[in-house]
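# Residue-level structural notes
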Amino acid sequence: MDAYSEESPPDQAKNPIQKKENPPDEVSGIKLIELKKTWRDYLFEFSVPFLAVTAAFLLSNEKDAYYERKLEKQLIQSIVYDLESDIHLIDEQISFHMIKIGEMDTLLQLLKEPESAENISRMHHLGRMTSRSIQFNNNDKTIEQMKNAATFRVIQNQEAVSEIIDYYQKIKVIRLVEEREKDELENYKRIAVKIFDPFSHRNVVSGNTIKEVRTNPEFISGDALDHHELAGYIQYLNTSRGRLISLKTDLKKSAEKLIQNLQKTYALPVNAGKEEN
């Protein structure tokens, strides 16, 4: 054997490529220190995504709250418009009821006076005119929309909600009295057709106007009991119509108060045209 073979270990002779030695302990120690994590590191890694999700959630809630407040103000403004429309309708209907009560009072007075051609003619005319009635069809577009779309929850001011509900509850009472007036009016018509001649008055169209042609009317029934029954229904109708005037006057006051409160609470613009009036 040569000198190289004698000096080299057997393994190196077979495999001249030597394996690298393991790094010193101090190098290995440094690597372990670099990879080691403390509890603060874990806390930070957990907190970052948690804070990001929380911030996104809060931002989304704030955005939803903004749009809900905006929708709330729009709904309140729309309710104010409906209330202003109701006030205008109430004024018209109160005037109508007062006219009908006056006609009924005149008819009642004529029934007590001696019969004459003039009085009978007037009674025939009033007997037909007083039978007309109206219904309070308030503007409930916004409130019905809120019920159907379940947006009543958007109104956060509970005092405003209570006042709005109270206002529309009063309309239900008006409906009940109107139903009673309707029944009384049917009874009035039932007896009126037995007394007044239906052929005594007829309307004819002349161009764009309607002219009333009168004849010399006569009572179909001169029975005093029929006349007394008619007078009784006139009094019942006047009572109901007087009640409607009282209820609608109160409803108008409630609407005006509610408008003022809503405008103040939600800083809504005041109708300048209404103020001038």
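Residues numbered from 1 in each chain as written. Predicted model: local features only at pLDDT ≥ 70, side-chain atom pairs only at ≥ 80, totals over all residues. Heavy atoms only, no water.

## Examining the overall build of the chain
Summing up its helical and strand segments, the chain has nine helices and two strands in all. For the chain, the sequential pattern of α-helices and β-strands runs α-α-α-α-α-α-α-β-β-α-α. For the chain, the accessible area works out to roughly 19100 Å², and carbon and sulfur atoms hold 55% of it. (Helix = DSSP H or I, 4+ residues; strand = E, 2+ residues; numbered from the N terminus. Areas by Shrake-Rupley, 256 points an atom, 1.4 Å probe, with all protein chains shown as cover.)

## Things to note about helix α6 (residues 141-149)
Within the sequence span of α6, burial applies to Thr142, Ile143 and Met146. Summarising the axial view, the buried residues of α6 lie within an arc of 100 degrees, below the 170-degree limit, and thus occupy one face. Residues Lys141, Lys147 and Asn148 are exposed on α6 and point more than 90 degrees away from its buried face. Phi turns positive, to about 55 degrees, at Ala150, one or two residues after α6. (Buried < 20%, exposed > 50% of the residue type's maximum accessible area, 1.4 Å probe, protein only. Arc of directions from axis to C-beta.)

## Focus: the packing of aromatic side chains
Tallying each qualifying case throughout the model produces two aromatic pairs. Here the aromatic rings of Tyr167 and Tyr168 are separated by 5.1 Å at their centres, their planes lie at 90 degrees, and the arrangement is edge-to-face. As far as burial versus exposure is concerned, Tyr167 and Tyr168 are alike and both buried. (Phe/Tyr/Trp six-rings, centres within 6.5 Å; stacked < 30°, edge-to-face > 60°.)

## Observations concerning the packing of helix α7 (residues 158-195) against helix α8 (residues 224-265)
Two elements in contact, α7 and α8, have axes whose closest approach is 9 Å; the angle formed by their N-to-C orientations is 165 degrees. Judged by the angle between their axes, α7 and α8 are roughly antiparallel. The chirality of how α7 crosses α8 is left-handed. Tallied by class, the residues present in the contact of α7 with α8 amount to 23 nonpolar, five polar and 14 charged. (Axes fitted to C-alpha atoms, helices over the stretch in contact; angles between N-to-C directions. Parallel < 35°, antiparallel > 145°, perpendicular 65-115°, else oblique. Left-handed = near helix turned anticlockwise from the far one by under 90°. Nonpolar A, V, L, I, M, F, W, Y, C, P; charged D, E, K, R; others polar.)

## Quick look at the environment of Leu185
Mapped onto the secondary structure, Leu185 falls in helix α7. By relative accessible area, Leu185 is classed as buried at 5%. The spatial distance from the C-alpha of Leu185 to the C-alpha of Thr130 is 9.4 Å, given a sequence separation of 55 residues. With near-sequence residues (within four places) excluded, Leu185 lies in contact with Thr130, Ser131, Ser133, Leu237 and Arg241. (Contact = heavy atoms within 4.5 Å.)

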